[in-house]
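Residue-level structure breakdown
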Amino acid sequence: MSKLRDTTNVQVLEAWRVYGLGRITKPQFVQLAAALILQANGKAVALADLSLSAELYRLTGETFAPLGVLPRGYDQPRLQRGVETLLVDFEAGEDIDARLTRFASNAPLGAATDAYSEGVKQSTAVEGYVRQMDSDPCQLCRYWWREGRIWPKDHRMPHHKGCACTHRVVTVDKVKAVAR
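Residues numbered from 1 in each chain as written. Predicted model: local features only at pLDDT ≥ 70, side-chain atom pairs only at ≥ 80, totals over all residues. Heavy atoms only, no water.

A separate point is the sheet that holds strand β2 (residues 150–152). Spatially, 3 strands are ordered β2-β1-β3 in an open sheet, and the strand pairing comes out antiparallel. Edge positions in the sheet fall to β2 and β3 (166–170), since each has one partner strand and no second. Across this sheet, the average inter-strand angle for adjacent strands is 45°, counted without regard to direction. The pairing of strand β1 (residues 128–132) with β2 spans 3 bridges and is antiparallel. Each bridged residue has a counterpart across the sheet, and for G128 the counterpart in β2 is P152. Where helix α4 (residues 96–122) meets the sheet, it contacts β1 and β3, and its direction lies at approximately 15° from that of β3. (Pairing = 2+ DSSP bridges. Helix = DSSP H or I, 4+ residues; strand = E, 2+ residues; numbered from the N terminus. Axes fitted to C-alpha atoms, helices over the stretch in contact; angles between N-to-C directions. Contact = heavy atoms within 4.5 Å.)

Written out as C-alpha cells, the structure reads:
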C-alpha cells in the first residue's frame, strides 16, 4: 500500500504542477486528480481482496478465490467534489500540496479497509476479526481495539481518515455478538 500511496501522491502533485503551469484548466485538473485517486482506489481494493485470500490460505491451508468486492462511496463524482473543496480551501490560503497528498493517500486506504471489511463479511471461512493497530495508533483506534476483542465478521471495522489499522482474521467457534 505504501508504494501505491507514494505513486498516487506523485501523480496528483504532478497534475497540480501542470495545472499551475497553465497547461490544463481547473476542471481538467479536478477530473484528472479524481481519476488518479479513483484508479488508486481500484488497485487498493484489489490488493485488499487478494490479501484476504492470502491470509485465509495462511490460516486454513485452503485456497479461497478473491471475492471481487467493491465498496460504495469511492466514485468519480465524489472524488471530484473532494478535489474541488480542496481548491476552494487553497484559494482561502490553505497549503494545497499537503492537503492533496492527504486526500490522495486517505481515499485508497479507506477503500482498501472497506473492501477488506466487506470481504471478511462475505467470506464463509471467516467468523471474526481482531483490530490490528498500526505502529502508532491514536486514542480512537485504541478504543476501537478494545483490548484485542474478537469482533463478529459482520461488524464493520470502523476507521477514520489516515487510519492504517487492519483486520487480523480469526476463526473461532463462537464470537459474541456486539451490543449496538
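With that out of the way, let us pick up helix α2 (residues 26–60). In this model, α2 (35 residues) spans 51 Å end to end at C-alpha, consistent with the 51 Å of a helix rising 1.5 Å per residue. Note on α2: the residue one or two positions beyond its end, G61, has a positive phi of about 80°. (Expected span 1.5 Å × (residues − 1).)

Within the secondary structure, P158 sits in the loop between β2 and β3. The exposure class of P158 is partly exposed, given its relative accessible area of 22%. The spacing of P158 and F64 is 94 residues in sequence and 25 Å in space, taken between C-alpha atoms. Excluding its chain neighbours within four sequence positions, the residues that come into contact with P158 are R131 and W144. (Buried < 20%, exposed > 50% of the residue type's maximum accessible area, 1.4 Å probe, protein only.)

Here helix α1 (residues 2–20) is 19 residues long and its end C-alpha atoms lie 27 Å apart, about the 27 Å a rise of 1.5 Å per residue gives. Considered for burial, the residues of α1 that qualify are L4, T8, N9, V12, A15, W16 and V18. In the core, the buried residues of α1 are packed alongside α2, α3 (76–91) and α4. Among the residues trailing α1, G22 stands out with phi positive, at a value near 85°.

Counted under the stated rule, the structure contains 4 aromatic pairs. Note on W16 and Y19: the rings are 5.4 Å apart at their centroids and 45° apart in plane angle, and the pair reads as tilted. In this pair, W16 and Y19 both sit in helix α1, 3 residues apart, roughly one turn of the helix. What makes W16 buried here is its relative accessible area of 13%. Note on W16 and F90: the rings are 5.1 Å apart at their centroids and 85° apart in plane angle, and the pair reads as edge-to-face. Taken together, the positions of W16 in helix α1 and F90 in helix α3 put the pair 74 residues apart, joining distant regions of the chain. Residue class for F90 comes out partly exposed when judged on its relative accessible area of 36%. Every member of this aromatic cluster is reached through a ring pair, and the members are W16, Y19, F29 and F90. The ring centre of Y143 lies 4.3 Å from the NZ or CZ of R146, which sits over that ring. (Phe/Tyr/Trp six-rings, centres within 6.5 Å; stacked < 30°, edge-to-face > 60°. Lys NZ or Arg CZ within 6 Å of the ring centre and 35° of its normal.)

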